[in-house]
Amino acid sequence: MRKSVFGACVTVSMIAGLAVGCMTASADELINVGFAQVGHESDWRTASTKSCQDVFSEENGYNLSFVDCDNDEAAQKEAVRSFIEQEVDYIIIDPIIATGWDTVLTECEDAGIPVIVIDRTIDDSDKYVSWVGSNFKTEGLAAGEWLKAYAEKKGIEEINALVISGSTGASAQIGRSDGFREVAEANGWNILDEQTGDFTEAGGQEVMESYCKSYEGKFNVVVCQNDNEAFGAMTAMDNAGVSYGPNGDVILISFDACTAGLEDVKAEKITADFECNPLAAPFVEEVIQQLEAGEEPEKEVYMVEHWYGLEDAVVDFEIDGEAQEMTVVTDEVIEAQY
Ligand code: GYE
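As a starting point, this report considers the structure included with it. Remember, predicted model here, so these are calculated numbers, not experimental data.

**Observations concerning the packing of aromatic side chains**
Within the structure shown, the criterion is met by 9 aromatic pairs. Between the aromatic rings of W146 and Y150, the centroid separation amounts to 4.6 Å while the plane-to-plane angle is 20°, which identifies the pairing as stacked. Placement of both W146 and Y150 in helix α4 (residues 136-154) is noted, with a separation of 4 residues, approximately one turn of the helix. Their ring planes at 65° and their centres at 6.2 Å tell us that W146 and F274 sit as a pair that is edge-to-face. Here the residue W146 occupies a position in helix α4, and F274 occupies one in strand β13 (residues 272-275), the gap between them amounting to 128 residues. A single burial state applies to W146 and to F274, both of which are buried. Grouping aromatic residues by their ring pairs yields a cluster made of W146, Y150, F255, F274 and W307.

**Observations regarding the sheet that holds strand β10 (residues 190-196)**
In spatial order, the strands read β10-β9-β11-β12-β13-β15-β18; together these 7 strands make up an open sheet with mixed pairing. Of all the strands in the sheet, the pair left with one neighbour each is β10 and β18 (326-328). Sheet twist, expressed as the mean angle between neighbouring strand axes with direction ignored, is 20°. As judged from the 3 bridges shared by β13 and strand β15 (residues 307-309), these two strands associate in the antiparallel manner. Looking across to β15, one finds that F274 is bridged to W307. Along the sheet, α4 contacts β11 (221-224), β12 (251-256), β13, β15 and β18; its crossing angle with β12, the most-contacted strand, is approximately 155°.

**So, the site of the ligand**
If you check the shell around the ligand, you find 13 residues, and the closest are E41, D119, R120, N226 and D256. Within the contact set of the ligand, an oxygen atom lies 2.7 Å away from a side-chain nitrogen or oxygen of R120. Contact distances for the ligand include 2.8 Å between an oxygen atom and a side-chain N or O atom of R176. Coverage of the ligand by the protein chains reaches 100% of its 300 Å² of free accessible surface. Judged by the proximity of its atoms to the pocket grid, the ligand belongs to the largest cavity. Mapped onto the shell around the ligand, the elements with two or more residues apiece are α1 (43-55) and α5 (171-186). Among the residues forming the shell around the ligand, the class breakdown is 5 nonpolar, 2 polar and 6 charged.

**Observations concerning the pairing of strand β6 (residues 90-93)**
With burial as the criterion, each face of β6 is covered, one bearing Y90 and I92 and the other bearing I91 and I93. Pairing of strand β4 (residues 29-37) with β6, which is carried by 4 bridges, proceeds in the parallel orientation. Counterpart to G34 in the pairing with β6 is I91. Two elements, β6 and strand β7 (residues 115-118), share 3 bridges in a ladder whose sense is parallel. Paired with I92 across the two strands is I116, which belongs to β7.

Here is what the cut-offs are and how they apply
Residues numbered from 1 in each chain as written. Predicted model: local features only at pLDDT ≥ 70, side-chain atom pairs only at ≥ 80, totals over all residues. Heavy atoms only, no water. Phe/Tyr/Trp six-rings, centres within 6.5 Å; stacked < 30°, edge-to-face > 60°. Helix = DSSP H or I, 4+ residues; strand = E, 2+ residues; numbered from the N terminus. Buried < 20%, exposed > 50% of the residue type's maximum accessible area, 1.4 Å probe, protein only. Pairing = 2+ DSSP bridges. Axes fitted to C-alpha atoms, helices over the stretch in contact; angles between N-to-C directions. Contact = heavy atoms within 4.5 Å. Near = heavy atom within 4 Å. Polar contact = N/O pair within 3.5 Å; in protein donor to acceptor, adjacent residues only side chain to side chain. Areas by Shrake-Rupley, 256 points an atom, 1.4 Å probe, with all protein chains shown as cover. 1 Å grid on protein atoms, 1.4 Å probe; cavity = no way out; pocket = protein on both sides within 12 Å on 5 of 7 lines; lining within 4 Å. Sits in = over half its atoms within 2 Å of the grid points. Nonpolar A, V, L, I, M, F, W, Y, C, P; charged D, E, K, R; others polar.

The values reported here are purely geometric and, on their own, carry no functional implication.
And the structure:
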């Protein structure tokens, strides 16, 4: 239900006392949007939340109900149901995990509220209008194909990789794992282990501490599925006396390419960082504006992303026959990042 900018009706008394009217501000109604956000686990997430809050502001004509679901699937479904009860105009969901959505999406459909999915995908229901996000499998393939070309350049013959994955069952985790694994299998690499760090710094540190003990001296690649996990993994490797980065013993690969991640690329700690762009809100707004205008939006909208490293990490590689480019990290690049 729309809420008027001016609240209830405004009484206008004319000086002559001849007319007393009730003026409603129908032209200035706010669009009510409910956003069920994953949580606050990473720099990426902070940027995503800020992007939505900036775009869906009162100034821009929106009334945003924001719920931080703290990585709790049940809480996220509850948030969606509370938006239905509030009779919001649109519901935005960033699904914590990819499955288990059909029932609640049917409830949204029955209530006549269009759902827009953002970032992670819903894989077991198509009862939403549009999805705006990233191709996570492509990100995983990029990391793998880059590693293949980089290892060739460096004369590294054997890859023994440890993966710290994101939250299990999130499409971002599934895609990145599948993409990297596909290249690993095609090239006979060893993936020694893959355990979840839940996309957090603490999780990354904890998993890496146990890897350093279990696989001491046996690994030369660490793949963290986001920058925050990489920050934790670096602390664990520092404590265990393991060197990493372009000049270290371990090639450290990360995803997201947030500002702090790119600073660590520039500082020669992270060898390559594969971007995931969190600034989707303007595209979501476009979808809403199309719906408001009675137009049919695209079912899928993909974010544009870049792959980052220092000069030494620039190698030629392809994904499915398409040439990829590495962007060299400079201060200007870091400055412009989210
Ligand atoms: O990579 C990670 C965040 O869903 C793409 O979630 C997102 C991921 C992102 O916590 O940092």
